[in-house]
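Each chain, letter by letter, is given below.
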Amino acid sequence: MGAMSATSPVPSGPPGPSEPSDPRQALPIRLNVDDSDSPADVVDALFLGRFATGEQPHSHSTTLDRVKPAATLLPAGAHVLRAAKDDDRRAVLAEGDGWTLLVSRWNRGADVTVTARDADLAEKILREATDGAKDDPEPQPENVTMGFWYVSPRRGPHRTTRQISAGTWEEIRPNYTAPVADAMDRLMKVTPDDIAGRLLLLHGPPGTGKTSALRTLARSWRDWCQVDCVLDPERLFNDVGYLMDIAIGEDEGTAKGRWRLLLLEDCDELIRGEAKHTAGQALSRLLNLTDGLLGQGRNVLVGVTTNEDLERLHPAVVRPGRCLARVEVGALTHHEAVNWLGTEEGVGREGATLAELFALRRGTPAAGVPGSRAPEAGLYL
């Protein structure tokens with residue numbers, strides 16, 4: 001597709017003393033499109049035209065995480081001007097008397113934005129478009145709402161939510177060796193009044209149940225803390241804009257005084273001893289978020305999981321006072337593993353990890369046990 005441009009008329013001279021300035025004349029509009037743009041990108045650009053020229057100077061928007069499948073997100077009498085569907089989203093441009101509306105849908109969520117000739121009309125049309133469209137699934141006692149942050153090539157830093165199943169701590173406590181279970185007992189009971197450090201560190205070999213413990217922690221803390229998992233942590237601390245969106249940006253939870261726990265899984269390179277050399281400013285920004293200026297006044301905790309040994313972690317990460325908790329999640333002892341499995345068959349003398357035990361229960365011998373083959377790690381990484 002070749003480049004395309006459209007430019008509004010440019011005034012021949014400045015307005016006279018009593019002549020009002022026309023934004024459509026003072027602000028030339030040019031749209032350039034090439035073969036890297038999709039039809040949905042064109043729809044986005046067309047939507048901005050009336051707002052940019054000042055014909056519709058007021059805008060209202062909202063984001064819905066879950067939309068009913070049958071909802072059109074269009075008010076009564078809307079006239080559809082453009083509709084485009086890409087692999088990851090759908091865009092619809094519609095108009096009515098004095099207003100223009102853009103619907104951008106992805107998976108189960110949507111962004112809805114309205115421009116209008118006045119603020120009341122923009123708010124009214126947005127309310128009509130979204131009325132009854134939000135789909136709230138029936139909450140399940142065993143589920144917890146978790147947020148997921150990632151950078152979208154089209155939408156920038158973005159957060160979506162999902163219902164995640166999580167057992168109670170009493171149900172999964174036998175999955176952990178005694179010292180770990182004792183440490184997690186205390187952590188599960190933490191309240192905002194108990195917070196003395198902003199960093200939660202879970203370290204230990206793969207397959208020991210660190211992720212499973214974090215899901216249960218989200219359930220235990222759900223009355224006072226929103227848990228968000230960062231899907232691209234390697235980018236978070238190397239992209240200042242992304243970090244500021246997560247750390248500083250207000251959302252419904254923090255606006256009401258709730259705490260947030262940001263989960264960063266498998267961050268070995270970020271926090272190991274040589275991280276300052278290999279990760280540049282990333283480690284410094286992590287530490288700044290936990291107890292530096294960036295974290296001041298924000299109810300934000302950072303949870304990090306790593307497969308590294310404690311001795312290999314950067315001393316700044318594990319210094320006294322920085323960690324709310326520092327738990328080494330290891331394998332169950334031979335005695336604990338046998339009690340968990342109900343048999344000695346397949347259990348080595350040094351015990352077994354949680355992933356190995358689940359593999360043995362399924363009849364798939366675990367890696368590291370004589371005559372074994374690698375298990376499916378599942379949710380127990």
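From a predicted model like this one, the values you see are computed outputs, not experimental measurements.

A. Expanded view of the overall build of the protein. Counting its regular elements, the protein contains 16 helices and 12 strands. Taking all 381 residues of the protein together, the buried fraction comes to 45%. Total accessible area computed for the protein in this model is approximately 20000 Å², and 51% of it derives from carbon and sulfur atoms.

B. Geometry of the sheet that holds strand 1 (residues 58-64). Here five strands make up an open sheet; going across it, the order is 1-5-4-3-2 and the pairing antiparallel. Both edges of this open sheet fall to strand 1 and strand 2 (79-85), since each of them pairs with a single strand only. Across the sheet, the axes of successive neighbouring strands diverge by a mean angle of 10°, strand direction being ignored. By the bridge criterion, eight bridges tie strand 4 (residues 99-106) to strand 5 (residues 109-116) in an arrangement that is antiparallel. Along strand 5, the bridge assignment pairs Trp106 with Gly109. This element, helix 2 (residues 39-47), spans strand 2, strand 3 (90-96), strand 4 and strand 5 of the sheet and lies at about 30° to strand 3. Of the strands in this sheet, strand 1, strand 4 and strand 5 are in contact with helix 4 (residues 119-130), which crosses strand 1 at around 25°.

C. Here's a closer look at the pattern of salt bridges. Under the defined criterion, the tally for this structure stands at nine salt bridges. The salt bridge involving Arg89 is made with Asp44; its shortest N-O contact spans 2.6 Å. Within this pair, whereas Arg89 is found in the loop between strand 2 and strand 3, its partner Asp44 is found in helix 2, the two being separated by 45 residues in sequence.

D. Seen up close, the nonpolar core. Residues Met146, Met184, Leu187, Leu217, Trp221, Leu261 and Val327 are the most contacted members of the largest nonpolar core, which totals 35 residues. Of all the secondary structure elements, the ones that give two or more residues to this core are strand 6 (143-152), helix 5 (169-172), helix 6 (178-188), strand 8 (199-203), helix 7 (210-220), strand 9 (225-230), strand 10 (259-264) and strand 12 (323-328). A total of six residues in this core trace back to one element, the largest contributor, which is helix 6. The residues touching Val327, leaving out its near neighbours within four places in the chain, are Val180, Ala183, Met184, Leu201, Leu202 and His203. Of all hydrophobic cores here, the second largest spans 20 residues; its members include Cys267, Leu289, Val300 and Cys323.

E. Local environment of the pairing of strand 8. Where burial is concerned, most of strand 8 is hidden: five out of the five residues are buried. Burial along strand 8 is two-sided: Leu199, Leu201 and His203 facing one way and Leu200 and Leu202 facing the other are all buried. The pairing of strand 8 with strand 11 (residues 300-306) spans five bridges and is classified as parallel. Residue pairing for strand 11: His203 is matched across the bridge by Thr306. Two strands pair when backbone bridges link them, and strand 8 and strand 12 are joined in this way by five bridges, in the parallel orientation. Residue pairing for strand 12: His203 is matched across the bridge by Glu328.

F. Spotlight on the confidence of the model for the protein. Overall, the predicted model of the protein reaches an average pLDDT of 79, with 74% of residues at or above 70. Taken element by element, the predicted model of the protein shows its lowest mean pLDDT in helix 10 (residues 252-255) (46) and its highest in helix 4 (96). Across residues 1-21, where pLDDT falls below 50, the model places 29 contacts with residues more than four positions away in sequence or in other chains. Contacts from residues 250-255, a stretch scored under 50 in pLDDT, to residues over four places away or in other chains number seven contacts.

G. Inspection of the packing of aromatic side chains at higher detail. The final tally for this structure, using the stated rule, is three aromatic pairs. Plain terms: the ring middles of Trp169 and Tyr176 are 5.8 Å apart, the flat faces sit at 35° to each other, and that makes the pair tilted. When sorted by exposure, Trp169 lands in the same class as Tyr176, which is buried. Seen in terms of ring centroids, Trp340 and Phe358 are 5.0 Å apart; in terms of plane orientation they differ by 65°. Their pairing is edge-to-face. Of this pair, Trp340 sits in helix 15 (residues 334-341) while Phe358 sits in helix 16 (residues 354-361), and the two are 18 residues apart along the sequence. Residue class for Phe358 comes out buried when judged on its relative accessible area of 17%. Geometry around Trp340 places Arg361 over its ring, the cationic atom sitting 4.1 Å from the centre. Directly above the ring of Phe358 sits Arg361, whose terminal nitrogen or CZ lies 5.7 Å from the centroid.

H. Molecular detail of the packing of helix 6 against helix 7. Across the interface, helix 6 lies against helix 7 with an axial gap of 10 Å and an inter-helix angle of 30°. Put simply, helix 6 runs roughly parallel to helix 7. The two elements helix 6 and helix 7 meet at a crossing, and its hand is right-handed. Here Met184, Leu187 and Met188 of helix 6 come into contact with helix 7, specifically with Ala213, Thr216, Leu217 and Ser220. Residues that form the contact of helix 6 with helix 7 fall into these classes: five nonpolar, two polar and no charged.

Cut-offs and rules
Within any chain, residue numbers begin from 1 and follow the written order of that chain's sequence. The predicted nature of this model means local features are confined to residues of pLDDT at least 70 and side-chain atom pairs, given and counted, to a pLDDT of 80 or more, with totals for whole chains, interfaces and linings taken over all residues. Only hydrogens and water are set aside; all other atoms, that is, all heavy atoms of the structure, feed into the side-chain values. Strands here mean DSSP runs of E at least two residues long; helices mean DSSP runs of H or I at least four residues long; both are numbered from the N terminus. Exposure classes here rest on a 1.4 Å probe applied to the protein chains alone. A residue is buried below 20% of its type maximum, exposed above 50%, and partly exposed in between. Residue burial considers only the protein chains on display, and all accessible areas are found by Shrake-Rupley using a 1.4 Å probe. What makes two strands pair is DSSP finding at least two bridges between them. Note on method: axes are straight lines fitted to C-alpha atoms, helices fitted across the in-contact stretch only, with angles between N-to-C directions ranging 0 to 180 degrees. The contact rule is simple, with two residues in contact once any of their heavy atoms fall within 4.5 Å. Each reported salt bridge corresponds to a side-chain nitrogen of Lys or Arg within 4 Å of a carboxyl oxygen of Asp or Glu. By nonpolar core is meant a set of buried Ala, Val, Leu, Ile, Met, Phe, Trp, Tyr and Cys residues that side-chain atoms within 4.5 Å join together. pLDDT is a residue-level measure of predictor confidence that goes from 0 to 100. Aromatic contacts are taken between Phe, Tyr and Trp rings whose centres are within 6.5 Å, Trp giving its six-membered ring; a plane angle under 30 degrees counts as stacked, one over 60 as edge-to-face, and the others as tilted. Counted as over-ring charges are cases with an Arg CZ or a Lys NZ within 6 Å of the ring centre that also lie within 35 degrees of the ring normal. Here the angle decides the label: under 35 degrees means roughly parallel, over 145 means roughly antiparallel, 65 to 115 means roughly perpendicular, and every other value means oblique. Each crossing gets its handedness from the near helix: less than a right angle anticlockwise from the far helix is left-handed, clockwise is right-handed. Asp, Glu, Lys and Arg are counted as charged, while Ala, Val, Leu, Ile, Met, Phe, Trp, Tyr, Cys and Pro are counted as nonpolar; the rest, among them Gly, fall into the polar class.

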